[in-house]
Amino acid sequence: MKNREIENGRDEMVIDGGNAVPEGLNLNYFKVYYGKLFPHADIQKWMSYGNDGKHPGCDHTYFGRREFSFTLENDIYLRFQSFNSASELENSIKEKCPVKIDIGPVYSVDPAKRHAYAQTGDNVFTPVERELVFDIDMTDYDDVRYCCSGADVCLDCWPLMTIAIKIIDTALRDDFGFNHILWVYSGRRGVHCWVCDARARRLTNEQRAAIADYFRVYKGNENNHKKVSLTGHVLHPFLVRSYNEVLKNYFEMKLLPTQKLFSTEERYEKILEMIPDESVISELRGKWQDNKRSSKEDINIVRWEQLKHMLQSGNKKVQGLRRCVEEIVFSFTYPRLDMEVSKHMNHLLKAPFCVHPKTGRVCVPIDPNKCEEFDPTTVPTLSKLLEELNMGGVRQEVEDGEWDGTSLGNSIRFFRSSFLQPLLKSCKEEIESSYNTKLQRSKNTLSW
Amino acid sequence: NRASESDSLVSLGSFLIARCTLRTQGGTKMETVRSQRKSAQNDVVSTLPLYRSAPVLEVRLEDFELFAIDRLRVLKGISDGLSRGKKPEEMEKLAMDLWKTNMRHPQASNVVNKDIISHFVLRLLYCRTEELRKWFLSMETALFRYRFRHESLESQRALMAEFELPYKAVGNAEFESLRDKLQVSRSNAQPLSTADAIFYKVPFEEVPELVAGRRVFLQKGLAYIASNQVVSLVGTQFRSHLSKALILTNRKWTSTVREQEKDRLTPIVEALCSSYLGPDYSQPKGFAEVSVKDIDELAKSSFPLCMCHLFGKLREDHHLKHGGRMQLGLFLKGVGLKLDDAITFWKAEFSRKVGAERFDKEYAYSIRHNYGREGKRTDYTPYSCQKIILSTPGVGDHHGCPYRHFSEENLRAALSKMGVNSRAVEDVMDKVRNKHYQVSDYHLYIKMLSVSMHLDI
């Protein structure tokens, strides 16, 4: 994962407003951020999953077996960091001042002591729990967006991320039955998703891969035109729902006009390539080549309607063309996951509330119910937050930091009320009930 | 001659389950184990055992060995079929044929015993390393699935009951309300009729392959599986039971049995291993060495198309994404490129794109990792064709199997770039259309008279 991150990370930052405090990698800013704003305690509570020692059924070793990894200023990479308490975590972050914090799995033993177990040969050191995670990155959409490429994002292509959140979130809840899901802006050009239900954390690699594959429709690679293939005699209910509720509308109302998908020969040829029928292709091409811009209507919409009409009109309804319209829509809108990140327990993923070292933007949570309102260009940057702190003067301090009056306040409040509190409540219930079961069992054995 | 008689009898149960008494009295008769089962309602008989615990059963030493060899022939046959990329229908037929040919027994009453004995003996052989366990687990699970599918519906149901799965069939009202969505579980275009529709609701975790293929309807974490998909569920169960059992067998073998049996069973097990388990590629022996300067020549003359393509792209772009680095890197390792040479080779290309410093920082680690010098220090083996065919290259990726992942026109271009003549190209295209990806690769190489070394990997 690290390689990926860096491979794609060479481009300069893009989304960035003009701020009085200069952007960029200034360790002093990070120091202030970790000192006054970063929600250390919330992260620790989250990663403890209710194992806070208050209940006799708690697992005291749980948090200490979690791997954190820090990237320091000069690309120094510290893996397998572990902490036994919130204050240990906080002190280490403040002391080392990492420009990036990654979260790994919970291991069978404390990752800091892994070498002690390395010689036993029996692979005692192994990941045992990990959130189910997803990583969606705008660079994977470069062949279907014309506004920007690489690490750039703008409000014309960001809807692709909105679509991804809507589709994956709905399926995780309705199809897989998960409840505790956190969406996070990755700080530059994508989103991360953390599924934190106990059931999700205990999935095997095989089961994780199965879920990732369930979501995989996009099969394009550099050596094939056809990017999406919807096979099978019926379309799966998940795909039908995604198409009807999200993809179709976003394609026609948003992406078609803003990305101008049919505006030039080069662009419409790319779409024609997806139609497996030469006569349809040449008829459409004929119409479009000598198109006089007569109507006031958007040319992209006109051409799309023509294409749909051709493919869906009664006489052309050939077997092979049956799903062509859907395939085109899926190609241009359907989420593209970085599969490897989801498939394995031991993949690291950047922690929420980190600051992206290139853009200076904070990795804030995104509310999936209002994801269409999310605007990556207005996400608070480190320099903006520091300015707000400076201007704040005598503001009443909340007990755990000074974020309350800054533009980070809403994000932290949302993280607590919509994600952390419900999660911890269900964790406690689970600890309570498994403890009772254990008690019951030991009582039964005593009575024997 | 009581002593020698008892020496030639092995009490299976004593090695494979927790019971430790070795029978000392000379039993000349084999006890037969009735594995046939009857379901409560109608007398359904199935001869497919679940191998849940080793039977208390005595076996003559010679049978111990012979039965194991017969079963190995079946498993090897399945393994070969799978790696040749045979289709599921072909595989099922192949497996059943292999079974009938090899697993007969002159006495009909002993057919089931032979099945059970051979299975448990192979557990001893294959429990000893992770690699062996993995292979055995896959092959036995595959075999079980083919045999399960071969059973009648009634006996499938009886077998399912034997797994004691707590899943109930979906009721009529629920079925009606979900009818449209459940269509996705059908293997053909026939609409669902109420009569033949028995669906079970199971946690999606139990049927990963059906989830992965979107072949089941999912709701709130439950997968609705049709009766023709039950094999997937019991296959998973079978696999997880066997997986745990193999770990236990391994513990028992290393802690007691190997020593106790050092004069009797241990030599047989070890001999069986060396003669029938095939070459062990995890040990670097007998490989020709390849040096950096030979790679270009070798790529031209002997690389399979997928590696040729990756190699070309690497030379062109001075970069490959993760999947490509793994596929080509492990292949080069497999053909004998030493770690130091591998670093030199990759560095020469990558540093032209990302600079030497970034190469050392970000890429060298994973190369050392492939050679077992980092992380969990596993000595990784090259990807099999199977794995490459099943991989899923995405944006910017060049790995995978060209015969499967390339469009027809790109495949043609790649082949002619290699200097394959047009008739051979057409031959290959035919094969590809029929989804014989691996065979097409093989065919081509025979035609080109070059080394098909990847086939041995």
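Cut-offs and rules
Residues numbered from 1 in each chain as written. Chains lettered and ligands numbered in written order. Predicted model: local features only at pLDDT ≥ 70, side-chain atom pairs only at ≥ 80, totals over all residues. Heavy atoms only, no water. UniProt positions renumbered as here; feature names shortened; annotations may be inferred. Pairing = 2+ DSSP bridges. Helix = DSSP H or I, 4+ residues; strand = E, 2+ residues; numbered from the N terminus. Contact = heavy atoms within 4.5 Å. Axes fitted to C-alpha atoms, helices over the stretch in contact; angles between N-to-C directions. Buried area = accessible area lost by both parts, 1.4 Å probe. Salt bridge = Lys/Arg side-chain N within 4 Å of Asp/Glu carboxyl O. Polar contact = N/O pair within 3.5 Å; in protein donor to acceptor, adjacent residues only side chain to side chain. Nonpolar A, V, L, I, M, F, W, Y, C, P; charged D, E, K, R; others polar. Parallel < 35°, antiparallel > 145°, perpendicular 65-115°, else oblique. pLDDT = per-residue confidence, 0-100. Buried < 20%, exposed > 50% of the residue type's maximum accessible area, 1.4 Å probe, protein only. Expected span 1.5 Å × (residues − 1). Bend = angle between axes of the 7 residues up to and from the residue. Disulfide = S-S within 2.5 Å. Core = buried A, V, L, I, M, F, W, Y, C linked by side-chain atoms within 4.5 Å.

As named in an unreviewed UniProt entry, chain A is DNA primase, taken from Rhamnella rubrinervis. Per UniProt, the comment on chain A under Sequence similarities (unreviewed entry) is "Belongs to the eukaryotic-type primase small subunit family."

Novice: Quick rundown of the sheet that holds strand β9 (residues 365-366) of chain A? Include the residues and the values.
Specialist: Residue and element names in this part refer to chain A. Spatial strand order, β5-β7-β6-β9: 4 strands in an open sheet with antiparallel pairing. For this open sheet the edge positions go to β5 (132-137) and β9, each flanked by a neighbour on one side alone. In terms of strand pairing, strand β6 (residues 181-185) meets β9 through 2 bridges, oriented antiparallel. Each bridged residue has a counterpart across the sheet, and for V184 the counterpart in β9 is P365. The sheet contacts of helix α6 (residues 159-175) involve β5, β6, β7 (190-195) and β9, and relative to β6 the element is tilted by about 170°.

Novice: Give me the interface of chain B and chain A: which residues, what numbers.
Specialist: Each side of the interface is counted separately: chain B has 42 residues, and chain A has 40 residues. Roughly 3,600 Å² of surface becomes buried between chain B and chain A when both sides are summed, with 52% attributable to carbon and sulfur atoms. Among the residues of chain B in contact with chain A, E205(B), R214(B) and V395(B) are the three that bury the most area, contributing 19% of the side total. One can count 3 salt bridges joining chain B with chain A. Residue K220(B) is joined to D174(A) by a salt bridge in which the shortest nitrogen-to-oxygen separation is 3.8 Å. Where chain B touches chain A, the interface holds 11 residue pairs in polar contact (both at pLDDT 80 or more). Mapped by element, the contributors of at least two residues to the side of chain B that touches chain A are α9 (208-212), β4 (217-219), α16 (356-370) and α19 (408-417) of chain B. It is α16(B) that provides the largest number of residues to the side of chain B that touches chain A, a total of 5 residues. Of the residues that constitute the side of chain B that touches chain A, the class distribution is 15 nonpolar, 15 polar and 12 charged.

Novice: Any chance you could break down the packing of helix α4 (residues 88-102) of chain B against helix α6 (residues 130-150) of chain B for me, citing the residues and the numbers?
Specialist: What describes two packed helices is the angle between their axes and the distance between those same axes. Residues and elements named next belong to chain B. Running from N to C, α4 and α6 cross one another at 95°; their axes reach a closest spacing of 10 Å. Relative to α6, the element α4 is oriented roughly perpendicular. Residues M91, E92, A95, M96 and W99 of α4 form the contact with α6, whose own contacting residues are L143, Y146, R147, R149 and H150. Considered class by class, the residues forming the contact of α4 with α6 number 6 nonpolar, 1 polar and 3 charged.

Novice: Any details on the confidence of the model for chain B? Residues and values, ideally.
Specialist: All names here are of chain B. Mean pLDDT over chain B: 78, with 79% of residues reaching 70 or higher. Per-element confidence in chain B ranges from a low mean pLDDT of 47 for helix α1 (residues 2-7) to a high of 97 for β4. Segment residues 1-5: pLDDT under 50, and 4 contacts once partners within four positions in sequence are set aside and those in other chains are kept. This stretch, residues 278-286, has a pLDDT under 50; its non-local contacts, to residues over four places away or in other chains, come to 7 contacts. We note a pTM of 0.77 for the whole complex and an ipTM of 0.90 for its interfaces.

Novice: Describe unusual backbone geometry, listing the residues and the values that go with them.
Specialist: Residues and elements named next belong to chain B. The phi dihedral of R214 falls on the positive side, at around 45°, and the residue is not glycine. Its location among the elements puts R214 in the loop between α9 and β4. The residue H318 is not glycine, and still its phi comes out positive at about 55°. With respect to the element layout, H318 can be found in the loop between α13 (305-317) and α14 (322-334). By relative accessible area, H318 is classed as buried at 14%.

Novice: An account of α16(B) is needed here, citing residue identities and associated values.
Specialist: Residue and element names in this part refer to chain B. When the terminal C-alpha atoms of α16 are compared, their 20 Å separation across 15 residues agrees well with the 21 Å that a helix rising 1.5 Å per residue should span. Largest kink in α16: about 45°, centred on Y363. Here α16 has its buried residues at F359, E362, Y363, A364, I367 and N370. A positive backbone phi angle near 75° is found at G372, which sits one or two residues after α16.

Novice: Break down the state of the cysteines for me, with residues and values.
Specialist: All names here are of chain A. According to the stated counting rule, one finds 0 disulfides over all chains in the structure shown. Looking at the unpaired C58, the closest cysteine sulfur is the one in C427, lying at 10 Å. Take C354: it sits in no disulfide, and the sulfur closest to it among the cysteines is that of C363, at 5.6 Å.

Novice: Outline the nonpolar core, listing residues and values.
Specialist: Judged by nonpolar contacts, the single largest core of 196 residues is most densely connected at Y33(A), W46(A), L172(A), F178(A) and F215(A). With 44 residues, the next largest nonpolar core counts L339(B), A414(B), M418(B) and V428(B) among its residues.

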